[in-house]
Each structure stands twice: as structure tokens, then as C-alpha cells.
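# Secondary and tertiary structure notes
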Amino acid sequence: MRLRIGVDTGGTFTDVCAFDETTGAVHVRKVSSTPDDPGRAILAGVSELLSQVGDRSITDVEYFAHGTTVGTNALLTHSGVTTGLITTRGFKDLLELGRGRRPHMYNPQADKPVPFVPRELRYEVTERVRHTGDIETELNEQETRDAVRALGEQGVESIAVCFLYSFLAPQHERRVAEIIREMLPDVHVSLSSEILPEFREYERLSTVVTNAYVGPVIFRYLSRLRERLAEDGLSATPHVTQSNGGVIPFATAEEMPVRLVLSGPSTGVVGAAQICAAAGHPDIITFDMGGTSSDVSLVQNGEPKITSGMELEGRPIRSPMLDIHTVGAGGGSLGWIDSGGHLRVGPQSAGAYPGPACYGHGTEPAVTDANVVLRFLNPEYLLNGQMKIDREASVAALRAIGAPLEIEPEEAALGMLRVVTANMARAIRVISVQRGYDPRDYALVPFGGAGPLHASRLARELGIDTVVIPEIPGAQSALGLLMTDVKADFMQSKITRVHRDKPEIVDTAFSELEQQAADWFDEENIDCNDRQIVRRLDMRYAGQNFELPIEVPTKITDAEALATIIDQFHVAHERMYGYRLENSVLEVVTFRIQAVGASATIELTRSEMTDADPAAALDSVRDAYFDAETGYRECPVYRRDGLNAGNRISGPAVIEQMDTTTVLLPGDECVVDALGNLVITIGDDS
Amino acid sequence: MNTTAVTKTGGLDPVTVEVIGAAMSTIVEEMSETLVKAAFSPNIKERRDCTASLFDAAGQAVAQDEGGSPLHLGSLMGIVTSIRSRFADDQIHEGDVFIGNDPYTGGGSHLPDIVLATPIFVDGTLAAWAATLAHHADFGDRGHAHIFQEAIRIPPLHLVREGVAQEELLQLILLNCQVPEEREADLRAQEAALRVAVTRFGELCQRYGTATITSACDELLDYTERRTRAAITDFPDGEYQFEDLFDCPELDDELTLKIRIVIAGDEMHFDFAGNPPQVRASINVVWTGLYASVYYAVKTLIDPDIDPNAGLYRPIHIEAPRGSVVNCEAPAAVNGRSETCQRIVDLIMGALADAVPTRVTAASNGANTGVHFSGRDQERSRDFVYLETIGGGSGARSSKDGLDGVQVHMTNTSNLPVESLETEYPLMVEAYELIDDSGGVGEFRGGLGIRRRVRVEADDIHFWLDTSRQKSQPWGLFGGGSGASAACVLSEGAQPIDHGYSVLKSGDVVSIETAGAGGYGEPCGRDETAVEQDLRDAKISADTASEYVKSQGSEK
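Note that the coordinates shown come from a computational prediction; the quantities given were computed from them, not determined experimentally.

Another aspect to go through is the overall build of chain A. Looking only at helices and strands, one finds 16 helices and 35 strands in chain A. Its C-alpha atoms give chain A a radius of gyration of 27 Å, within 12% of the compact-globule value 26 Å for 686 residues. Taking the principal axes of its C-alpha atoms as reference, chain A extends roughly 80 × 60 × 60 Å. When burial is assessed residue by residue, chain A has 62% of its 686 residues classed as buried. Relative to all contacts within chain A whose residues are 6 or more apart in sequence, the contacts with residues 24 or more apart total 67%.

What follows is the structure in C-alpha cells.
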């Protein structure tokens with residue numbers, strides 16, 4: 001009778017997925033998202049899914065997990081709350097000054113991000129800590145009270161506090177928090193020493209301000225959803241995905257909202273990682289192509305790569321998050337000819353309206369139109385017939401940009417696909433090659449509506465030989481949620497020189513963090529057998545300013561264990577930068593612990609491998625255009641839901657399903673695996 | 001496939017060129033990332049005062065990292081040509097790394113910019129060059145009467161010969177540096193970036209074939225040239241002039257800088273006749289710096305998306321009298337050349353205001369305010385040289401306010417975090433803030449200047465300030481007001497600044513203020529809510545606000 005439910009809210013659809021622990025069956029439901037109140041679609045989806053499963057009620061749900069874009073959207077649409085800021089005297093403008101660079105080197109019309117706290121809501125108080133952590137000047141409490149009173153009168157709902165060196169001496173920030181809670185008990189408080197105890201004042205400030213700005217929005221969303229689920233009868237603790245890919249209870253997430261800003265996209269990556277690991281592909285590059293942009297990330301040994309921060313619209317956010325790189329290239333990206341006669345694609349997008357020309361409103365060619373012209377996409381309808389396609393409109397749009405280049409619409413369409421593929425390959429090189437990983441060692445895993453259309457071409461561009469397409473690319477995020485571990489990160493910045501003969505220094509620093517992790521495990525009621533600790537050191541040569549993460553598998557108890565770590569650093573440095581400095585002093589900058597509570601294992605149902613012939617799934621044959629030499633050629637079109645495990649398809653071929661279309665180029669070989677994934681071996685010819 | 005497209009050079013279709021161009025850009029980005037991450041000195045690792053570039057075999061710039069500084073474009077412009085004029089083809093081998101910094105014999109546009117360059121051989125043939133430039137913040141407490149005082153001069157020489165490090169040369173260079181450990185580590189970081197280029201370029205050639213890559217490079221330059229010419233054609237033909245006063249702490253008198261621009265069809269001519277002769281101070285500009293400034297301004301005005309490669313240079317013609325401050329000859333000192341370069345850009349903006357009023361900006365803060373502290377750090381038992389360049393106001397635009405407190409035009413370095421600075425040097429930052437009311441009034445307000453107050457925590461600290469706009473104000477356009485001047489104030493009892501220099505003792509406080517920027521359009525046209533918001537934010541004073549109100553009243 002026990003069910004696990006995962007819900008992923010996307011821009012267009014909300015996917016709900018249930019795993020029945022008694023039967024091992026997976027059920028999926030897709031409903032339209034309700035952006036004005038995302039909870040409505042969630043509740044509707046859950047209820048529809050439960051009736052679909054039959055004979056089940058929400059009280060049977062023993063695990064509920066959710067990925068949300070509420071935080072990201074609040075940031076992108078600037079719909080956070082009125083926020084105040086208190087800083088060390090002399091530094092209230094740091095939020096605007098940032099690192100001093102202008103937003104675009106050559107474009108004088110580019111603007112800096114508008115600060116989330118306007119200058120009139122930024123106050124300075126007298127206090128100063130030295131770089132050693134010693135107090136130079138005590139906190140002036142009277143000034144603090146004056147500032148808090150003024151902010152109260154100005155109607156702030158949230159206050160961020162960021163003092164210099166608060167990661168070394170948090171007492172001044174803590175005292176300010178006490179004063180705020182005493183004077184303005186309803187105001188949300190964010191301290192930089194709690195949100196991000198790391199050095200570099202601007203990055204810390206920007207992060208704590210982000211937390212303060214979206215915190216109340218996320219808090220309200222989660223607490224309201226929690227109440228509504230409870231009213232409907234959910235007794236299990238609801239969980240939400242953090243930017244680091246782990247899930248935590250709503251209640252814990254509400255304390256550190258900034259860690260949810262990438263909840264939505266990271267849910268997709270974790271889903272892909274889980275599904276592909278189960279299918280025997282632990283090393284993958286995910287490629288989520290939507291309408292206006294594509295997200296890419298790298299997963300090694302089933303674990304998505306983590307980074308310690310990102311910039312969102314020019315504002316740094318430092319928090320542990322999956323290393324997801326976004327590029328402005330999607331199905332709606334428009335093709336155009338620039339003044340030098342080059343065919344370009346994006347960053348302008350057709351958006352939801354007018355949309356690609358084939359939707360009937362626009363005249364400019366989008367990437368989708370290129371796919372329609374070449375008949376990779378169904379030239380008559382999409383979404384199982386729900387959306388009509390006007391191929392003539394696509395042809396006209398492509399003819400228009402092909403004219404100045406004196407090429408036919410089909411060649412212009414192929415050109416657009418090559419350019420957009422190059423743009424996406426560039427994004428993937430950032431998260432692979434530039435980080436020291438060779439993309440050829442990874443399988444490409446496309447999802448999102450447009451991913452599987454472009455995957456084979458993109459794989460060729462990168463020299464990747466395997467593409468894995470999950471059974472339901474749209475719903476895999478929701479499914480992945482059911483297999484995600486509970487995770488929390490603990491960190492402490494403390495620049496510490498590493499001496500071979502003093503291994504205990506490292507261990508002492510970790511002990512404090514391990515205690516915090518142990519307390520957290522207790523709070524979360526995680527069974528002792530499911531507890532895992534991952535220790536990581538951010539290390540560098542003394543004098544450098546960027547660190548490399550080094551995993552510490554065991555406790556550092558003796559010089560030998562420390563020597564192993566030191567050696568690992570040299571190796572990592574050499575791999576990254578091509579040299580090592582054996583005689584240099586090493587420093588640890590940040591000690592990190594990730595506490596992981598393993599989730600219940602899900603055994604996905606594996607089908608018997610049947611015979612190789614896919615004929616039963618053959619829908620039709622249509623002429624499609626793969627290259628200029630051959631021109632149009634006959635291409636079989638298969639229905640994805642008619643394919644069975646073991647079926648084999650050779651390219652060229654098209655495989656259609658409700659929410660996506662997969663293209664096999666000539667030479668590609670595809671087999672349906674026991675979990676229903678399409679596993680494509682890329683052909684040699686390119 | 002797809003070879004029927006219209007082509008101009010080498011039989012390559014535009015799509016292939018576009019694809020290879022994207023790969024080239026990725027390579028220079030990766031070079032730059034490697035350099036910043038592996039570097040040791042704060043000026044590179046935190047402030048990113050460095051650039052990476054790829055050149056074709058003949059030395060034409062094909063791709064440059066856009067995270068770097070526009071001024072570095074010029075510094076790298078002559079490097080390959082200089083190496084090739086010094087070394088015959090049979091003296092250039094696979095595995096060589098050249099080093100150079102001398103503005104007069106090839107290398108940077110001032111001595112701290114040390115360039116490392118390597119030839120890239122594919123199958124034994126020279127196919128391309130890669131170069132990195134890094135500003136090595138060293139050479140503190142120097143004179144600037146002529147270049148021999150400014151630092152060691154290095155013509156292009158082998159630092160590595162066929163993979164073998166030339167230890168003797170390195171030792172000579174390091175002995176002439178004040179912080180040799182940093183220099184050595186930073187040079188290694190530059191070499192690491194070059195290795196990235198060699199590997200990645202090789203992979204690219206393997207994938208597409210060297211001949212394809214070479215013709216793609218040619219086509220990329222032609223393509224940029226076509227776009228540049230197309231954009232210039234949109235500018236009204238004519239002759240445009242402008243002049244402005246230039247001051248710096250080293251000079252007693254102000255100089256008059258001038259420019260004449262002729263736009264004819266798809267070409268632009270920049271004439272610097274009539275500029276003052278070079279001076280016995282650091283602000284002279286070598287030709288590479290002048291060219292970089294003009295190219296920057298052109299790219300900014302015509303199309304910021306045009307690739308910064310040598311194709312951009314072709315429709316642009318520059319003339320400047322030899323031996324003048326904008327085209328100096330040896331042995332003129334050049335360390336503070338960026339002050340002048342900033343003003344060359346302002347001159348171009350001013351001259352073209354009537355031609356392209358919606359593209360230009362009012363005068364920006366007009367300086368690249370360099371604050372140099374150097375001396376003995378007793379607490380950490382080491383010598384140090386700390387350089388920070390402070391931004392200021394950016395000029396108002398035809399439809400928007402100028403940016404407050406940013407790096408403008410020829411520089412775009414990051415600031416050094418206070419928490420990093422104080423950990424490394426005997427200095428304490430007391431304030432880092434915008435200067436209220438320092439932007440010029442106008443329908444669109446000029447950007448605000450920056451105040452940075454630094455307390456010295458050791459004795460005998462040499463201080464040098466190179467800046468500009470202390471004696472004049474950044475001008476507004478079309479009725480916009482001027483921004484506030486720059487200033488530098490010392491605490492009581494500190495040794496007064498003489499021609500930009502002082503020696504400070506523990507407890508002295510230096511307050512550096514950079515200029516605001518000019519406004520755009522008549523103040524009476526300013527939106528009332530913008531005035532109110534500026535007043536609430538204290539970005540303007542009550543007096544300024546009432547001036548706006550008065551001007552609007554008189555209008556009504």
C-alpha cells in the first residue's frame with residue numbers, strides 16, 4: 001500500500017511520478033503548471049495520479065519530494081520582498097560596487113544588476129573586525145538600534161546583515177540579529193556568518209542579500225504547500241530538492257532559502273543521474289534543451305559535479321550547487337544573417353509568442369522551424385496532435401534567410417542546426433574540457449522537449465559515442481526525486497597551512513563540522529546505517545586564490561594519511577594546470593562536510609529483452625532531409641510507446657512520443673534497454 | 001557537406017567558419033581561466049589584470065579573451081611581429097616560449113605587462129601563435145622621468161627553448177623584481193595557459209584539418225572586416241573634432257589633447273596632429289596603446305559584438321605625430337599611459353557626439369586611477385607591492401543614467417576584496433563607497449565616483465597615485481552637467497603628496513576620490529520620480545534636487 005511521490009514543477013508542465021513499493025510499478029502524470037500558484041497544479045496532479053493508480057489515497061504516501069522553480073523565478077522576475085541591509089561602516093555601497101567591473105566590456109549600453117536593496121534601505125553601523133578575527137572596534141548598539149528602527153519605519157520585511165570577517169568573528173552579526181528580533185520580531189533575518197561563512201566580502205554580501213530577498217517568498221510557498229498537503233491528508237514529511245541535488249525537509253529548507261535557487265534544474269540532473277546509473281551509464285553529460293535555453297551538466301560515477309557558486313544576472317550566489325551551465329540556445333532560438341554574411345542562431349528567441357513560424361504567428365525562423373523543414377519534427381502536428389504545424393510557414397521563414405546566402409531552405413535549416421549545435425557544444429566544453437574532463441568518456445543524456453532532436457548531432461560534434469534517452473524525458477525529474485538522497489552541507493572557512501607533521505589540525509577542524517552533521521542526522525531521524533559523511537578540503541598552494549576540492553576518504557589521524565591528501569592535491573593541480581610545486585606550502589581554505597542520508601532503494605522494473613524487430617512500432621515513413629548530397633530520403637517513423645525492450649533501430653529514423661522526438665542520423669544504431677531507455681551508438685561517419 | 005554556400009575565402013562555408021570561430025573563443029577563455037586560477041599575485045588571481053590571445057601564423061590577432069582588458073589588445077598587437085623580426089624562422093621551434101615586456105622593442109604597452117608567447121606547430125609546421133599577457137604588480141617605488149627608471153626592459157627573448165627552460169634569463173629577470181616568488185609563480189601560470197592553447201589548437205586541427213583551420217582564421221578576419229565596414233557605412237560621413245584638457249599629478253601644467261576624425265564611406269580616419277610632445281612623466285602612450293584605444297572606441301560605438309580580431313583594424317586609419325604624448329618614442333616613460341588612453345576614448349566620444357548621439361556617452365571619470373603602495377611588511381617579514389586601480393563614474397547615455405562606480409573604457413579589472421587585501425598587506429580599508437552628488441546633472445545623470453579610504457599599518461610605505469581629472473571635470477553632453485573632479489586627501493600629519501608621491505607612516509590615512517561622470521541632456525528633462533529616488537538614495541544632495549525642480553519650473 002506504500003507509495004513514494006515525486007513532483008517536479010516546470011514552466012509548462014508539472015510532472016508527478018509515483019512509485020508503488022508493493023508492486024514496483026511506476027506511474028506518471030503530467031498536468032499544466034499554474035505559475036500564479038504552483039501549489040494548485042501540484043495538488044491537482046497528485047490527486048489525478050492517485051486516481052490513476054486506483055484505490056489509493058494520499059494517506060498511503062510515505063514519502064513526498066518536490067523540485068521547485070519558485071526561488072529562481074522570484075529572482076529572475078525581481079519579485080522578492082522589501083529588504084534592508086546593515087553593513088560595517090564605510091561599506092554600504094559594496095552591494096552596488098561589487099567587484100568593480102562593468103557588465104560588458106564593449107557595450108556602453110549594458111547595465112549593472114539593480115541591487116535587491118536600494119541605497120535608501122542600506123545602513124552602516126560602527127564595528128570592525130581585523131583579518132585575524134580580533135575585534136578592532138566594538139559594535140555600536142545605539143547605531144544598530146537606530147538603523148533597525150529606521151528600517152522598520154521604511155517597511156522592510158527582511159533584513160540582511162553583512163560585516164567584514166564575520167566568518168571569523170560572528171558575534172557582532174549575532175548581536176544585531178538579537179536586536180532585530182527584539183525590535184522587529186516579524187522581520188526575516190539573514191546573517192552572512194550563517195548563510196555563507198566564507199571569505200570575500202562581496203560574494204558573501206550578495207549571497208546573504210539574495211537569501212534575504214527571496215527567503216520570505218520561498219518560506220511562504222513551502223509552508224503554505226506543507227499546510228495544504230497536510231490538509232489533504234499527507235502525513236509524511238514533505239521534502240524539497242536543494243541546488244546541491246540533495247533533498248531536505250521543507251522545514252529545514254525554509255531556514256536557508258538561498259540553497260534552493262537551483263532546485264528545479266538540479267532535480268532534472270539528479271533524475272538523469274539516477275536513471276542512467278541504474279541503466280549502467282554512471283558517467284553522463286546531461287543536456288536539457290527547452291524553448292529559450294539549454295542547461296548542461298556533468299555526472300561522474302552517478303554523482304553530479306558540484307560547484308560552490310554561480311552568477312545569476314550578474315549577482316554572485318555562493319552556495320553548494322550542481323555545476324549546471326546555461327546557454328541561450330533552445331528550440332525557439334531565431335536564425336538570422338548578420339552584417340558580415342554569417343548565419344547566426346540566438347540569443348533572440350521566438351518565446352511563447354509569436355513562437356516558431358510553424359505555430360502560425362511568427363515569420364522568423366526558429367530552430368524548431370529548421371527541424372520542421374527537414375521533417376525531423378512531424379510536419380503536421382506535435383504533442384500527439386494537440387498542436388497543428390504549418391510547415392509551409394517554416395519553409396518560407398528559412399527561405400528568407402537562405403536567400404542572401406543563395407541556398408535552399410533545407411540547407412539553411414541544416415546550417416541553423418550546425419550553428420546551434422556548435423553553441424551547445426561550447427557550453428558542454430565549459431563543464432567538461434575546461435574542468436579537466438574529456439567529454440568522450442561520457443554518455444550524452446538529452447531531455448527537455450528539444451534535447452533528443454539534437455543529441456545525435458551534438459554527440460558527433462563532441463566525439464561522444466553513446467546517447468541515452470530516458471523513457472519519459474519530461475518526467476524523469478519527478479522519477480529521480482524518488483531516488484534522491486537527503487543531503488546537507490556544512491562548511492567553515494579557516495585558512496590553515498598544512499604541515500606534514502601536524503595532521504591533527506585538519507582533523508580538529510573536521511570534528512566540529514562532524515558534530516554539526518551528527519546533530520543534523522539526529523534532527524532528521526536518519527537511521528544510523530543510512531548515514532554517510534563526505535569530507536572535502538578546498539586546497540591551494542599558499543599564495544594562490546582559487547582552490548581545488550580534494551576528497552578526504554578517512555579521518556586524518558597520522559602523517560601518512562595527510563601525505564596521501566597532499567599527494568592527491570599535487571596530482572589534481574597537475575591535471576588542471578599542467579604543473580605541480582612540490583616544495584610549496586599548502587593551505588586549506590575551506591573545510592566542507594556533506595552529510596548524506598541514503599534514500600530507500602528503488603528497484604525499477606526491468607522488462608525481458610524481446611526480439612530486435614521494431615516493426616510493431618512503425619508508424620509511417622516520411623521523406624526527411626539529412627544532408628545535401630542525398631537530399632530527401634525515406635525515413636521510418638516509430639512510436640516510442642510501441643517499442644519494446646530489445647528492439648533495434650538503425651538510423652536514419654525518427655522516434656516520436658508525446659513530449660519529444662528523437663532523431664537517429666544515418667549510421668546510428670539504437671537499442672531499447674530493459675528499463676525502456678533508448679541507447680544510441682553514434683555512427684562513425686560525421 | 002553543405003559546400004554550396006557563398007564563400008569568400010578558402011572555399012569554406014560561413015557555417016563552418018562560425019563553428020570554428022566559436023571553438024577559438026572557447027580556447028582563449030580557457031587560457032584565461034587557467035591563468036587566473038593558477039596565478040599567485042592578487043593582481044592576477046583576484047583582479048584579473050591579464051589577457052589571452054590567439055594569432056595566425058603571420059601574427060594577426062584571431063581571437064582575444066573578452067574578460068581581459070581592452071588596453072591589452074594593443075599590448076599584444078605587436079608581439080608576434082616583434083618576435084619574428086628578431087628571430088629568423090629557423091630560430092623559432094616547437095616548444096619555444098618567448099618573454100617580453102618592452103614597449104619599444106615589442107611586448108607590452110608598459111613594462112609591468114609581461115607577455116609570454118608560444119608558436120603552435122602542427123605536424124611540424126608553424127600554424128598559429130598563442131600569447132598571454134599579465135600585469136605583474138611589481139616595480140614599486142620607481143621614478144617615471146624616462147623608461148629606464150620604470151622597471152627592467154625585456155625585449156622578446158627565449159624563456160623556454162624547445163622545451164628547455166632558459167634558467168639564466170629567468171634569474172636575471174627575477175633579480176630585478178621586488179617580489180620574485182610571485183613573479184616566478186605567475187610566469188608559470190602564464191606558461192600553463194599557453195600549454196592549454198597548444199593542446200586545444202592541436203585538437204582542433206586534428207578534427208578539421210590544419211588547412212581548414214588556417215582558412216577559417218583568414219575568413220574570420222575578413223568576416224570581422226565586412227561587419228566593421230558595414231557598420232561604419234551607417235555613420236554619417238564628415239569631419240569631426242574635439243579637444244579637452246588633461247592633467248595628472250606628475251605634471252604642473254595641463255595639456256591640451258585633440259582629435260580630428262574623418263568618416264568617409266566604410267572607413268574611418270583618426271588624426272592626432274597637434275597633440276603635445278612627449279613629456280618627462282609616466283603618461284606617454286606608445287603606438288600600440290594608441291591603436292588599442294581607438295579600436296576599443298570603434299568597436300564600442302559601431303557594434304560591441306564584433307570579434308576583437310585584426311579584421312576590425314583594416315578599415316581604420318590612424319595618424320599621430322611621432323614623439324608626441326599619444327605616439328611616444330624611446331626613452332619616454334609610459335607606466336601611467338592608461339590615464340591618457342582613457343582620455344583618447346573620451347575625445348572620440350566627444351567628437352562623434354553630433355554624428356551618432358545615441359551611441360556615445362558623456363565623459364566618464366577620465367582616469368585609470370592607480371594607487372600603489374610598496375615597502376617592507378614588517379609583520380609578515382617580506383617586501384610588498386600593492387596596486388589597485390579604482391573605477392569611477394561612467395558617462396550618462398542618451399536614454400539612461402551612467403553607471404555608478406565602475407571601471408570604464410580601457411580597463412576592466414576587478415577590485416581586490418578587502419578581506420584578501422588586509423590578509424596580504426599592512427593596510428586597512430576604512431571605506432569603499434560611492435561619492436554622493438558626484439555625477440553630472442542632466443536628463444540622464446552621470447555615474448558617481450568612488451571614495452576609498454586606506455589606513456597604512458607600517459612605516460616607510462611608498463605611495464604613488466596616478467590619476468587624472470583633479471584639475472578639470474568630466475564634461476556632459478547636450479546640456480548635461482559636469483561630474484565632480486577627482487581628489488586625494490591625506491590625514492593630518494602625513495607627508496603631503498608631491499607630484500603624486502609620498503612616504504607614509506603607520507596610522508596615516510589616504511582618502512582617494514575618483515571623478516564622477518558627465519550628464520546627458522538638459523536637467524529640466526529629467527523624470528521627477530528619478531530625481532526623488534536619487535534624493536532618497538542620497539545619490540544627489542537636497543541642493544541638487546532643488547536645482548532640478550527649479551529647472552523644471554522654469555521650463556513649465
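This paragraph deals with the packing of helix α12 (residues 409-431) of chain A against helix α1 (residues 14-38) of chain B. The geometry of α12(A) relative to α1(B) is characterised by a closest axis approach of 9 Å and an angle of 10° between their N-to-C directions. Classified by the angle between their axes, α12(A) and α1(B) sit roughly parallel to one another. Facing α12(A), whose interface residues are A:Gly415, A:Arg418, A:Val419, A:Ala422, A:Arg426 and A:Arg429, α1(B) presents B:Val15, B:Thr16, B:Glu18, B:Val19, B:Ala22, B:Ser25, B:Thr26 and B:Glu29. In terms of residue class, the contact of α12(A) with α1(B) is built from five nonpolar, four polar and five charged.

Looking now at the sheet that holds strand β16 (residues 461-466) of chain B. All names here are of chain B. An order of β13-β12-β16-β18 is seen for the four strands of this open sheet, with the pairing classed as antiparallel. Two strands in the sheet have a free side with no partner beyond their single neighbour: β13 (382-390) and β18 (501-504). Going from strand to strand, the sheet's axes swing by 15° on average, the running direction of each strand aside. Judged from the five bridges that link them, strand β12 (residues 369-377) and β16 form a sheet pairing that is antiparallel. In the strand pairing of β16, Val371 is matched with Leu465.

Quick look at the pairing of strand β9 (residues 255-264) of chain B now. Residues and elements named next belong to chain B. Here β9 shows a clear split, with Leu255, Leu257, Ile259, Ile261 and Ile263 buried on one side and none of Thr256, Lys258, Arg260, Val262 and Ala264 buried on the other. As judged from the nine bridges shared by strand β8 (residues 238-246) and β9, these two strands associate in the antiparallel manner. When the bridges of β9 are listed, Phe242 appears paired with Ile259. Across five bridges, β9 lies against strand β10 (residues 267-271) in antiparallel orientation. The residue bridging Arg260 from the neighbouring strand is Asp271, located in β10. Where β9 hands over to β10, the hairpin turn is made up of two residues, of which Gly265 adopts a positive phi near 60°.

Quick look at the pattern of salt bridges now. Under the definition given, this model contains 85 salt bridges over all chains. Bridged by salt links that share partners, the residues A:Asp93, A:Glu96, A:Arg119, A:Arg122, B:Asp401, B:Asp404, B:Asp436, B:Arg445, B:Arg526, B:Asp534 and B:Lys539 form one connected network.

Attention shifts here to the side chain of B:Arg227. Residue placement: B:Arg227 occurs in helix α7 (residues 210-233). At a separation of 2.9 Å, a polar atom in the side chain of B:Arg227 contacts the side chain of B:Asp303. Residues within four places of B:Arg227 in sequence aside, it is in contact with A:Asp338, A:Ser339, A:Gly340, A:Arg344, B:Asp303, B:Asp305 and B:Ile306.

Our focus in this paragraph is the environment of A:Asp390. Summarising the element assignment, A:Asp390 is placed in the loop between β22 (387-388) and α11 (391-402). With 109 residues separating them along the chain, A:Asp390 and A:His281 place their C-alpha atoms 39 Å apart.

A few words on the interface of chain A and chain B. Contacts between the two partners involve 71 residues from chain A and, on the opposite side, 93 residues from chain B. Buried surface at the junction of chain A and chain B, summed over both partners, amounts to about 7500 Å²; 49% is from carbon and sulfur atoms. Here chain A is connected to chain B by 13 salt bridges. For the pair chain A and chain B, the interface holds 47 residue pairs in polar contact (both at pLDDT 80 or more). Residue composition of the side of chain A that touches chain B, grouped by class: 27 nonpolar, 17 polar and 27 charged.

Next up on the list: the confidence of the model for chain B. Residue and element names in this part refer to chain B. For chain B, the average pLDDT comes to 93, and 97% of its residues sit at 70 or higher. Contacts for the low-pLDDT stretch residues 1-9, under 50 throughout, to residues beyond four places or in other chains number 23 contacts. Taken over the whole predicted complex, pTM reads 0.89, whereas the ipTM for its chain interfaces reads 0.92.

Moving on: a negative patch on the surface. Residues and elements named next belong to chain B. The grouping of Glu167, Glu168, Glu181 and Glu184 at the surface amounts to a negative patch. Mapped onto the negative patch, the elements with two or more residues apiece are α5 (167-175) and α6 (180-208). Locating Glu167 in the fold gives a position in helix α5.

Any pair of aromatic rings gets described here by the distance separating the centres and the angle formed by the planes. Under the defined criterion, the tally for this structure stands at 21 aromatic pairs over all chains. Ring plane angle 45° and centroid distance 5.0 Å describe the contact between A:Phe376 and A:Phe626, whose orientation is recorded as tilted. Here A:Phe376 is found in the loop between α10 (367-373) and β21 (381-382), whereas its partner A:Phe626 is found in the loop between β29 (618-625) and β30 (632-639), with 250 residues between them in sequence. Taking the centre distance of 5.2 Å and the plane angle of 85° together, the rings of B:Trp287 and B:Tyr291 count as edge-to-face. Here B:Trp287 pairs with B:Tyr291, and both are found in helix α8 (residues 287-302), just four residues apart, close to one helical turn.

Rules behind the numbers
Residues numbered from 1 in each chain as written. Chains lettered and ligands numbered in written order. Predicted model: local features only at pLDDT ≥ 70, side-chain atom pairs only at ≥ 80, totals over all residues. Heavy atoms only, no water. Helix = DSSP H or I, 4+ residues; strand = E, 2+ residues; numbered from the N terminus. Rg over C-alpha atoms; globule rule 2.2 N^0.38 Å. Buried < 20%, exposed > 50% of the residue type's maximum accessible area, 1.4 Å probe, protein only. Contact = heavy atoms within 4.5 Å. Axes fitted to C-alpha atoms, helices over the stretch in contact; angles between N-to-C directions. Parallel < 35°, antiparallel > 145°, perpendicular 65-115°, else oblique. Nonpolar A, V, L, I, M, F, W, Y, C, P; charged D, E, K, R; others polar. Pairing = 2+ DSSP bridges. Salt bridge = Lys/Arg side-chain N within 4 Å of Asp/Glu carboxyl O. Polar contact = N/O pair within 3.5 Å; in protein donor to acceptor, adjacent residues only side chain to side chain. Buried area = accessible area lost by both parts, 1.4 Å probe. pLDDT = per-residue confidence, 0-100. Patch = residues over 30% accessible without salt bridge, like charges linked within 9 Å, V, L, I, M, F, W, Y side chains within 5 Å. Areas by Shrake-Rupley, 256 points an atom, 1.4 Å probe, with all protein chains shown as cover. Lys, Arg positive; Asp, Glu negative; His and termini not counted. Charge placed at Lys NZ, Arg CZ, Asp CG, Glu CD. Phe/Tyr/Trp six-rings, centres within 6.5 Å; stacked < 30°, edge-to-face > 60°.

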